[in-house]
Amino acid sequence: MKKMANIRDIARLTGYSVSTVSRVINQHPYVSEEKRQHILRVMKELNYIPNSTARQLSYGKTKNIGVIIPFTNHPYFDQLLSGITKAAFESQYKVTLLPTNYDSAIETDYLDQFAAKEFDGLIITSRANAFEKILSYQQYGPIIFCEDLDEENIGCVFIDRERSIREGLLYLRDQGCQKIGVTLGRSGKLSKNSKITVRLCQELLPNFQAEDILWDCLDFADGQRAGNYFANKGVDGIFTNGDGVAAGIVDTLEEAAPLLVGRDNLIISKFLNITTIDHHLPLCGEYAFKLFITNSQEHLRVPYTFIKRNAL
């Protein structure tokens, strides 16, 4: 098997020092054009490919950012990721997806990989561990959170959940809905989104009860389950936690479907004429990456757009 050329071979064949060859490989400006072209020509003749990982580590950078996400098949996180990857591509960064399924042990393993310098930084779209535990890893590089946090020494970007959820519930109430159902995500550990929704339901809907919530709704199939759940409960409006869930309700109840509010502004909500909330998640993802690349500790709120489609 033919031995692959290394940097010392290039130095020997060109007559230049290893340090000079290294400067050419790393595009250092202080090398004459004559030397540069000679070294590049020999590298090409030997089919020499520099070890990019070693080169990046020599500068203390991997050009790789880790993105902690609970799921890889959910529209909310898909849209966030589209914004992150767009911004990362523009900065010549790789994006490594780190799915957790909300398992704190798996998430901790990713944090330890970050501490071992496998990533230049982390973007945490949703977390399983306590904020204080994650914050202890800040010493290893920038960590950007996709949630509204009170801490001053961190960077975060967040959607305006409080106002958008309030507007969605008031919309249903103002449209004359007397009994409003709600779909929410994981029930095992209440997310900030769920806590806000429950609080606002109790504040704005006088007759709201715990049984008016269906938990663990994430996708179209869960929406079908929600349709069956609410079918005989007398609800005339449902505030859902996603357009996919809203579409599943329509699929199950068809003409009998109550007034719906979805989220995410997916194309299916337009086809089914469902009122929805666009939280501009791709923009949220772009902002998260920009906070990382600038090592900023800003707190950025992304505005939402309420899209009315099915008013009575």
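Residues numbered from 1 in each chain as written. Predicted model: local features only at pLDDT ≥ 70, side-chain atom pairs only at ≥ 80, totals over all residues. Heavy atoms only, no water.

**Things to note about the packing of helix α8 (residues 161–174) against helix α9 (residues 192–204)**
Where α8 contacts α9, the two axes come as close as 10 Å, and the packing angle between them is 40°. Judged by the inter-axis angle, α8 sits oblique to α9. Read as a crossing pair, α8 and α9 show a hand that is right-handed. Residues Arg161, Glu162, Ile165, Arg166, Leu169, Leu170 and Arg173 of α8 lie in contact with α9, whose contacting residues are Asn193, Ile196, Thr197, Arg199, Leu200, Cys201, Glu203 and Leu204. Of the residues contributing to the contact of α8 with α9, the split by class is 7 nonpolar, 2 polar and 6 charged. (Axes fitted to C-alpha atoms, helices over the stretch in contact; angles between N-to-C directions. Helix = DSSP H or I, 4+ residues; strand = E, 2+ residues; numbered from the N terminus. Parallel < 35°, antiparallel > 145°, perpendicular 65-115°, else oblique. Left-handed = near helix turned anticlockwise from the far one by under 90°. Contact = heavy atoms within 4.5 Å. Nonpolar A, V, L, I, M, F, W, Y, C, P; charged D, E, K, R; others polar.)

**Some remarks on the domain arrangement of the chain**
Considered domain by domain, the chain is made up of domain 1 (7–59), domain 2 (64–159 + 281–306) and domain 3 (161–278). With centres defined by C-alpha atoms, the gap from domain 2 to domain 3 works out at 27 Å. Interface area, domain 2 with domain 3, both sides summed: about 1500 Å², of which 53% is carbon and sulfur. A per-residue breakdown of the area domain 2 buries against domain 3 is headed by Ile159, Tyr304 and Phe306, which together make up 43% of the total. Taken together, the links from domain 2 to domain 3 amount to 0 salt bridges. Our count for the contact surface shared by domain 2 and domain 3 stands at 8 residue pairs in polar contact (both at pLDDT 80 or more). (Domains from an automatic or database assignment. Buried area = accessible area lost by both parts, 1.4 Å probe. Salt bridge = Lys/Arg side-chain N within 4 Å of Asp/Glu carboxyl O. Polar contact = N/O pair within 3.5 Å; in protein donor to acceptor, adjacent residues only side chain to side chain.)

**Focus on the sheet that holds strand β4 (residues 143–145)**
In space, the 6 strands of this open sheet follow the order β2-β1-β3-β4-β5-β11, with parallel pairing throughout. The open sheet has two edge strands with one neighbour each: β2 (94–99) and β11 (299–302). Strand-to-strand twist of the sheet, defined as the mean angle between neighbouring strand axes without regard to direction, takes the value 20°. Where strand β1 (residues 64–69) lies against β2, 6 bridges are found, and the strand directions are parallel. Across the sheet, residue Asn64 finds its bridge partner in β2, namely Lys94. Packing of helix α13 (residues 281–293) onto the sheet brings it into contact with β1, β3 (121–124), β4, β5 (155–159) and β11, and relative to β5 it is tilted by some 175°. (Pairing = 2+ DSSP bridges.)

**Here we look at the packing of aromatic side chains**
Following the criterion strictly, the structure yields 10 aromatic pairs and no others. Measuring from ring centre to ring centre gives 5.0 Å for Tyr229 and Phe230, while their planes differ by 80°; the resulting arrangement is edge-to-face. Of the residues examined, Tyr229 reaches a relative accessible area of 28% and is grouped as partly exposed. Ring-pair connections join several aromatic residues into one group, and the members of that group are Phe71, Tyr76, Phe77 and Tyr102. The lysine or arginine in question, Arg186, covers the ring of Tyr102, its NZ or CZ lying 3.7 Å from the ring centre. Here the basic side chain of Lys233 rests over the ring of Tyr229, its NZ or CZ set 4.7 Å away from the ring centre. (Phe/Tyr/Trp six-rings, centres within 6.5 Å; stacked < 30°, edge-to-face > 60°. Buried < 20%, exposed > 50% of the residue type's maximum accessible area, 1.4 Å probe, protein only. Lys NZ or Arg CZ within 6 Å of the ring centre and 35° of its normal.)

**Some details on the side chain of Ser164**
Along the chain, Ser164 turns up in helix α8. Within the structure, Ser164 has its side chain in polar contact with the backbone oxygen of Arg161 (distance 3.2 Å). Beyond its immediate chain neighbours, meaning those up to four positions away, Ser164 contacts Ile277, His279 and Tyr304.

**Some details on the sheet that holds strand β10 (residues 275–278)**
The strand order β7-β6-β8-β9-β10-β12 describes an open sheet built from 6 strands, whose pairing is mixed. Two strands lie at the open edges of the sheet, namely β7 (213–214) and β12 (305–307), each paired on one side alone. Sheet strands touched by helix α11 (residues 243–253): β6 (180–183), β8 (237–239), β9 (259–263) and β10. Its angle to β9, the strand with the most contacts, is close to 150°.

**Examining unusual backbone geometry**
One non-glycine residue, Asn101, lies in positive phi territory at about 50°. In this structure, Asn101 sits in the loop between β2 and α6 (104–115). Note on Asn101: relative accessible area 56%, which makes it exposed.

**Focus: the nonpolar core**
In this structure, Ile123, Val157 and Phe289 are the most contacted members of the largest nonpolar core, which totals 24 residues. Elements represented by at least two residues in this core include exactly β1, α5 (75–90), β5 and α13. At 7 residues, α5 tops the list of elements feeding residues into this core. Excluding residues within four positions of it along the chain, Ile123 makes contact with Ile65, Gly66, Val67, Ile68, Ile84, Ile144, Cys146, Ala288 and Phe289. (Core = buried A, V, L, I, M, F, W, Y, C linked by side-chain atoms within 4.5 Å.)

**Focus: the environment of Asn232**
Within the fold, Asn232 resides in the loop between α10 (220–230) and β8. By relative accessible area, which is 75% here, Asn232 ends up exposed. Separated by 94 residues in the primary sequence, Asn232 and Gln138 have C-alpha atoms spaced 50 Å apart.

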